[in-house]
Amino acid sequence: MSHFSIACSLLVLHSALWAPNALANWFVSQDVFTMAHQKLLEGKTNESFGAMVQAWQQAPNVEQQNNLNDLIQLAITEDCGRSLDTTALPPWLTSLVIQREMIQNQNQVLPRLAITGTSEQRITNIDFIRWPEQSVLSATPKTDKGGYFSLETKRLEKASSEGLYQMIISADGEESYKTWVILTRPQSKQRIGWVDSQNWRIERNGLPDKVCPSPVLSMNIYDLNDTSWTPLWTENVDGKLPTTLPDVDLPDGRYWLSVGIIHSRWQGEIAVRDIQSITRPVEHSEM
């Protein structure tokens, strides 16, 4: 099998997940690219993920990067990514979410990345590094009641692209938690767009993924003068996604409206969310 492309279609590969030894003889080379494919075909998703991490560490060329992106996408279809990494979160880190958002505002797309979660210890620092040394986030997160913490970029220079990242989370009195994260390629096409201030369109995105949660539509209204950007009103809907803003009981005024589609998956115990959002100012009389 070529080191630079998947030798069979994604459909055949997906079927092979349920027939572990059917195509084992196809693989002759023993490099990490070949091993990543072979282990996935054998149903050893965690070992395949480990080989993908090694492959990304070897500075793959564009064709190899495309191949690895296709492979991680395929691996996710097994159980929405829960089998990718069998390493448990440390006992003091009770939940962890990586959230990548593409915000369309006045014909611009503004990428944003956030890391949130809950911890029994105070989080002192979070580092999120695109391998080998490009820092994406590095700071002390905000902490609220219940041990909830959050850290986000206000604006990235470009979208968090597919590839290998290292995350390091430090907490009071605990050994730092370090893990590898592989992000998939962001969707190139914006699926949601404005029709007017109360309505938006949502384009279909092929057949639904049965192993992952249904997409969620998140609607939020903010006070334009509140720099903390705490929502005055929020509503999340799954299933059949609405394309119209419902009646909202708020005082007269000018507000900021944000509507986003959330796609969720996992990397082991880490939740990964990809969001496409649209935003615009609206008058209360329009709502």
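Cut-offs applied
- Numbers given for residues are sequential positions, taken from 1 along each chain in its written order.
- Note on the predicted model: pLDDT of at least 70 is required for a residue's local features to be given, and 80 or more for side-chain atom pairs to be given and counted; whole-chain, interface and lining totals, by contrast, use all residues.
- Side-chain measures were taken over the full set of non-hydrogen atoms in the model, leaving aside hydrogen atoms and water.
- Any carboxyl oxygen of Asp or Glu that lies within 4 Å of a side-chain nitrogen of Lys or Arg is treated as forming a salt bridge with it.
- By definition, any uninterrupted DSSP run of H or I lasting at least four residues is a helix, any uninterrupted run of E lasting at least two residues is a strand, and each is numbered from the N terminus.
- The buried label applies to any residue whose accessible area, calculated with a 1.4 Å probe on protein chains only, is under 20% of its type's maximum; exposed applies above 50%, and partly exposed to all values in between.
- To estimate how far a helix should extend, the number of its residues minus one is multiplied by 1.5 Å.
- Contact criterion: two residues are considered in contact whenever any of their non-hydrogen atoms come within 4.5 Å of each other.
- In this analysis the probe radius is 1.4 Å and the grid spacing 1 Å, with only protein atoms considered; a cavity is a set of points the probe fits into but cannot get out of, a pocket is an open set with protein on both sides within 12 Å along at least five of seven lines, and lining residues have an atom within 4 Å of a point.
- Grid points are joined across faces, edges and corners, and a volume is the space filled by probe spheres set on the points.
- Comment: axis = line fitted to C-alpha atoms, over the contacting stretch for helices; angle = value between 0 and 180 degrees taken between N-to-C directions.
- Here the word oblique covers every angle except those under 35 degrees (roughly parallel), over 145 (roughly antiparallel) and from 65 to 115 (roughly perpendicular).
- It is the rotation of the near helix from the far one that decides the hand of a crossing: anticlockwise by less than a right angle makes it left-handed, clockwise makes it right-handed.
- In this classification, Asp, Glu, Lys and Arg are treated as charged, Ala, Val, Leu, Ile, Met, Phe, Trp, Tyr, Cys and Pro as nonpolar, and every other residue, Gly included, as polar.
- Any pair of cysteine sulfurs within 2.5 Å is marked as a disulfide.

Draft legend 1. Local environment of the pattern of salt bridges. The tally for this structure, following the rule as stated, stands at eleven salt bridges. Here Arg112 ties to Glu152 by a salt bridge, and the two come within 3.7 Å at their closest N and O atoms. Of this pair, Arg112 sits in strand E2 (residues 108–119) while Glu152 sits in strand E6 (residues 148–152); the two residues are 40 residues apart in sequence, bridging distant segments of the chain. For Glu152, a relative accessible area of 34% corresponds to the partly exposed category. The salt bridge involving Arg122 is made with Asp172; its shortest N-O contact spans 3.0 Å. Taken together, the positions of Arg122 in the loop between E2 and strand E3 (123–130) and Asp172 in the loop between strand E7 (163–171) and strand E8 (177–183) put the pair 50 residues apart, joining distant regions of the chain. Given the relative accessible area of 47%, Arg122 is considered partly exposed. When salt bridges with common partners are traced through the structure, they connect Lys39, Glu42, Lys44 and Glu47 into a single cluster.

Draft legend 2. Up close: helix H3 (residues 45–57). Taking 1.5 Å per residue, 13 residues should reach 18 Å; H3 reaches 19 Å between its end C-alpha atoms and fits that length. Along H3, the residues that are buried comprise Thr45, Ser48, Phe49, Ala51, Met52, Val53, Ala55 and Trp56. Buried-residue contacts for H3 involve helix H2 (32–41), helix H4 (62–79), E7, E8 and strand E13 (254–267). Count one or two residues on from H3 and you reach Ala59, which has phi positive near 50°.

Draft legend 3. Seen up close, the layout of surface pockets. The computed volume of the largest pocket comes to approximately 1400 Å³. Lining the largest pocket are 39 residues, with Gln99, Glu101, Arg112, Glu152 and Tyr222 positioned closest to its centre. Looking at the lining of the largest pocket, the elements that each hand over two or more residues are strand E1 (93–105), E2, E6, strand E11 (216–223), E13 and strand E14 (270–283).

Draft legend 4. Looking closely at the packing of H2 against H3. Where H2 contacts H3, the axes come no closer than 8 Å and their chain directions differ by 160°. Comparing the axis directions of H2 and H3 gives the class roughly antiparallel. Here the hand of the crossing between H2 and H3 comes out left-handed. Facing H2, whose interface residues are Val32, Phe33, Met35, Ala36, Lys39 and Leu40, H3 presents Thr45, Glu47, Ser48, Ala51, Met52, Gln54 and Ala55. Taken together, the residues that form the contact of H2 with H3 break down as eight nonpolar, three polar and two charged.

Draft legend 5. Spotlight on the state of the cysteines. Going through the model one piece at a time under the given rule, you end up with one disulfide. Bridging Cys80 to Cys212, the disulfide has an S-S length of 2.0 Å. Residues Cys80 and Cys212 are joined by a disulfide whose S-S torsion is about 110°; by sign, that bridge is right-handed. Of the two residues, Cys80 sits in the loop between H4 and E1 while Cys212 sits in the loop between strand E10 (199–202) and E11, which places them 132 residues apart along the sequence. Here Cys80 matches Cys212 in class, with each residue buried.

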